[in-house]
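One letter stands for each residue in the lines below.
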Amino acid sequence: MRKRIKATRTTTAPRLGGRLLIATAIAAGYTIAQAALPALAADANPVVAEIGSHKITQQQVDNRIKVQLYDARKSALGQLVDQYLLEHAAKKENLSVADYLKREVDDKVSASVTDASARQFYDQHKSRIAVLPTVPYAKIRDRLLAALHYRAAESEREELLARLRKQAGVKILLQAPRIEVATTGRPALGPKDTPVTVAEFEDFQCPFCKRVEGTLMAMREKYGDKVRLVFMDFPLSFHDHAMQAADAARCAQAQGKFWQYHDALFADQSKLAPADLKATAKKLGLNAKEFDSCFDKNEFNAAIQNDIAQGRKLSVNGTPTFFIDGRQLVGAQPLPKFEEIIDEELAQARSNRAKRTAAAN
């Protein structure tokens, strides 16, 4: 009797769990596709959720997990490497890690961050920081010294670890996840055979896209023909003129002036209404009749929708979003964030060339 009861429970539980899962999903306003259940999965990239007409695929979920997992692994790996280097260096000096860091970091910082240097910092910056002219140095002395000491200690520690990594010949072999982006036919700057391609999903009305433009310009100035920049349209639905601006820029592309038009739109995001977009075309010397006809007919709407669809498949949820050789970078990041990935990609390209050369010989 006991065996019969046990068998009944074993065969019934999965069915009951599946029914509860589906019932919960319906109650929450979502539709979970049957292909999401492992036992029934047949499609290589099934739709795992539907929110109205919007679909979320398993690939989108996996892409996001891959990037997050890589970032977590990279951070943990860096900590393990640094921990080993510090322990090894301290052992060579017959010191504990704490004493080694005190000697190499804290003592050096204490010698450089003094009352005199803090007072000098106060005098040099009080005209630029609103609170300083109204607060006497004596009242913020201790807090200022602590802040300057912390900042200097962080910098000194980073320099120490960089030296230790170089001396030890550290090689990070962790591979970043790569997501394939279809960029053929999109507006681009740089040769096609460049070592690194940066695909940018942007919205002409997005303030963060405007903010990152200076960074992208600095990136292009630094790397030149080593980096190819490709523009991908991703106008956001809550920006009332974003789609029209995207259409207009594509019409400018048809006349060979996409990037000039692109720069003009970001230079003044207050002029994105249809009349303004047509006026900008005239200022740039485009054929007004051809431009107006192209814009009024929404000739590039399908192409823009293709970019949007691709962005959604790649888990693009906002702008700007970048893919540097398929490695995702989200938001208006500072130049060092781009440099970190680009430098790694260039180093990898050099390594691959060296391996091909060695194999050929």
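Heads up: the structure comes first, above all this text.
Here's what I pulled together on the structure shown here. In this text the structure is predicted, and so the values were computed from the model without any measurement.

A cluster of basic side chains, namely K226, R350, R353 and R356, defines a positive patch on the protein surface. Tracing the backbone shows R356 in helix α12 (residues 335-360). When its relative accessible area of 54% is taken as the criterion, R356 is described as exposed.

One covalent bond between the sulfur atoms of two cysteine residues makes up a disulfide. Taken as a whole, this structure holds 1 disulfide when the rule is applied. In this model C206 remains outside any disulfide bridge; the closest cysteine sulfur is found in C209, 3.3 Å from its own. Among the residues examined, C209 registers a relative accessible area of 0% and is labelled buried.

With respect to the helices and strands, the residue A153 is situated in helix α5 (residues 137-168). Relative accessible area serves as the criterion here: at 13%, A153 is assigned to the buried category. For the pair formed by A153 and E104, sequence separation is 49 residues and the distance between their alpha carbons is 9.8 Å. Those residues in contact with A153, other than ones at most four positions away along the chain, are V105 and V109.

A few words now on the packing of helix α7 (residues 242-254) against helix α11 (residues 301-313). α11 packs onto α7 with a crossing angle of 115° between their chain directions and a minimal axis gap of 10 Å. As α7 runs across α11, the sense of the crossing is right-handed. Residues M243, A246, D247 and R250 of α7 form the contact with α11, whose own contacting residues are N301, A303, I304, Q305 and D307. When grouped by side-chain class, the residues that make up the contact of α7 with α11 number 4 nonpolar, 2 polar and 3 charged.

So, on to the pattern of salt bridges. A complete count under the given rule lists 19 salt bridges for this structure. When the shortest N-O distance is used, the salt bridge between R250 and D307 registers 2.9 Å. A residue pair is termed long-range when its members are at least 10 positions apart, and R250 in helix α7 and D307 in helix α11 qualify at 57 residues. For D307, a relative accessible area of 0% corresponds to the buried category. Linked by salt bridges that have partners in common, K74, R178, R327, E340, E344 and E345 make up one network.

Moving on, we get to the packing of aromatic side chains. Each pair of aromatic rings is reported with the distance of its centres and the angle of its planes. Counted according to the given criterion, the structure contains 11 aromatic pairs. Pairing F204 with F266 gives two aromatic rings, centres 5.2 Å apart and planes at 40°, and the pair type is tilted. Pair noted here: F204 is in the loop between β4 (196-202) and α6 (207-223) and F266 is in helix α8 (residues 258-267), with a separation of 62 residues, a long-range link. No difference in accessibility class separates F204 from F266, as the two residues are buried. Look at F231 and W259: their rings are 6.5 Å apart centre to centre, the planes differ by 90°, and that puts the pair in the edge-to-face class. Within this pair, whereas F231 is found in strand β5 (residues 227-233), its partner W259 is found in helix α8, the two being separated by 28 residues in sequence.

Rules behind the numbers
- Residues numbered from 1 in each chain as written.
- Predicted model: local features only at pLDDT ≥ 70, side-chain atom pairs only at ≥ 80, totals over all residues.
- Heavy atoms only, no water.
- Patch = residues over 30% accessible without salt bridge, like charges linked within 9 Å, V, L, I, M, F, W, Y side chains within 5 Å.
- Areas by Shrake-Rupley, 256 points an atom, 1.4 Å probe, with all protein chains shown as cover.
- Salt bridge = Lys/Arg side-chain N within 4 Å of Asp/Glu carboxyl O.
- Lys, Arg positive; Asp, Glu negative; His and termini not counted.
- Charge placed at Lys NZ, Arg CZ, Asp CG, Glu CD.
- Helix = DSSP H or I, 4+ residues; strand = E, 2+ residues; numbered from the N terminus.
- Buried < 20%, exposed > 50% of the residue type's maximum accessible area, 1.4 Å probe, protein only.
- Disulfide = S-S within 2.5 Å.
- Contact = heavy atoms within 4.5 Å.
- Axes fitted to C-alpha atoms, helices over the stretch in contact; angles between N-to-C directions.
- Left-handed = near helix turned anticlockwise from the far one by under 90°.
- Nonpolar A, V, L, I, M, F, W, Y, C, P; charged D, E, K, R; others polar.
- Phe/Tyr/Trp six-rings, centres within 6.5 Å; stacked < 30°, edge-to-face > 60°.

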